[in-house]
Amino acid sequence: MIEQKDITIGIITAGSNFEKQRNLDDVIQKASTNVPQAKIILVGGEKSYSEYLNVSHIKFDESQKSKWITRKKNIIVNNCKTEILVLCHDYIEFPPDWFDKWNEFGWDWDYAVNVVNTVDGQRDSDLNSFCHPLVPAWHKMPLELCTEENFPYTYVSGGYWLVKTEFMKKVPLNENLCWGQGEDLEWCLRARQIGKFKYNKNCIVKYNVKR
C-alpha cells in the first residue's frame, strides 16, 4: 500500500490571464484537499504560489521554445522525491476518492492511467488507439477494450498519467518535441518496450474547464 506522502502531483502551466489562473488555483486547492499529504510541483505560471505550503513552484521561461511541455515535465521528474508521480496539465481536478481508488487498484505498474472525463462528465481521450485493428488511430479506446491484451496497440494521452518516478527517469520525455507534435505517443512507444502499463477503470478525474 502506498501512503499519500509517497505521491507527487506534477502540474504544468503557462497560466497568465485571470481566468486561467483562477482555474489553476481551483486545481491546486482540490488536489491539496483531496490528496492532502501529497507534494505538488508546479512548473510555469507567473504567481509565486507562496500561499500553498505544499506547492514547490518552479519558474519557466516561456520564450525558450513555444509550448515546450516536454521540458516542463522532465523538470518535474528531476525534482520529484517520491515513488509515485502524477504528471498532468493545469485543468485536471482530483476527486475526494482518487487516492482510495488507486490504493484499491494497486500500484503494480510502471505507468498507468484512469478514466478522464470532461467538465460535462463525458469520457475524454485518456487511452487512445495507435494501431488497434478495431479502433481508428487517435480515437479513444472503448472501456471494454482497455484491457491488457489491447495495451500494445494504444498510447496514453499526455494531459494526465501516473508513473513511477524512477521509471520516468529511465524513459524521459523527448525534449525535441513540443505540445501537438505527438510527444505523448513517442514517449509511450518507448515506455511500452520496457514498462508495465495498467488502466484503472474505477477511478475518475475530470477537467475543470471546457476543452
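As shown above, the structure is provided for reference.
Residues numbered from 1 in each chain as written. Predicted model: local features only at pLDDT ≥ 70, side-chain atom pairs only at ≥ 80, totals over all residues. Heavy atoms only, no water.

A.B. asks: Any chance you could explain the layout of surface pockets here in plain terms?
C.D. replies: If a probe as big as a water molecule is rolled over the atoms, it shows which places are left empty. In this structure, the largest pocket spans a volume of roughly 340 Å³. Lining the largest pocket are 20 residues, with Ser-157, Gly-158, Gly-159, Trp-179 and Asp-184 sitting closest to its centre. Per element, the largest residue contribution to the lining of the largest pocket is 3 residues, and it comes from helix H5 (residues 183–194). For the lining of the largest pocket, the per-class residue count stands at 7 nonpolar, 9 polar and 4 charged. (1 Å grid on protein atoms, 1.4 Å probe; cavity = no way out; pocket = protein on both sides within 12 Å on 5 of 7 lines; lining within 4 Å. Points joined across faces, edges and corners; volume = space filled by probe spheres on them. Helix = DSSP H or I, 4+ residues; strand = E, 2+ residues; numbered from the N terminus. Nonpolar A, V, L, I, M, F, W, Y, C, P; charged D, E, K, R; others polar.)

A.B. asks: Hey, could you run me through the nonpolar core in this one?
C.D. replies: A general feature of soluble globular proteins is that nonpolar side chains tend to end up buried together. Core analysis: the largest hydrophobic core is formed by 70 residues, its most contacted members being Ile-7, Ile-9, Trp-98, Tyr-160, Trp-161 and Trp-187. What Ile-9 contacts, discounting residues up to four positions off in sequence, is Ala-31, Val-35, Ala-38, Lys-39, Ile-40, Ile-41, Val-86, Cys-88 and Phe-94. (Core = buried A, V, L, I, M, F, W, Y, C linked by side-chain atoms within 4.5 Å. Buried < 20%, exposed > 50% of the residue type's maximum accessible area, 1.4 Å probe, protein only. Contact = heavy atoms within 4.5 Å.)

A.B. asks: Sorry, what's going on with helix H3 (residues 98–105) here?
C.D. replies: One turn of an α-helix holds 3.6 residues; hence residues three or four places apart share an orientation. Within the span of H3, buried status applies to Trp-98, Phe-99, Trp-102 and Asn-103. End-on view of H3: buried residues confined to an arc of 130°, all on one side of the axis. Looking at the buried side of H3, the elements it contacts are strand S1 (7–12), strand S4 (84–89), strand S6 (111–117), strand S9 (160–164) and strand S10 (197–207). Gly-106, located one to two residues past H3, shows a positive phi value of around 105°. (Arc of directions from axis to C-beta.)

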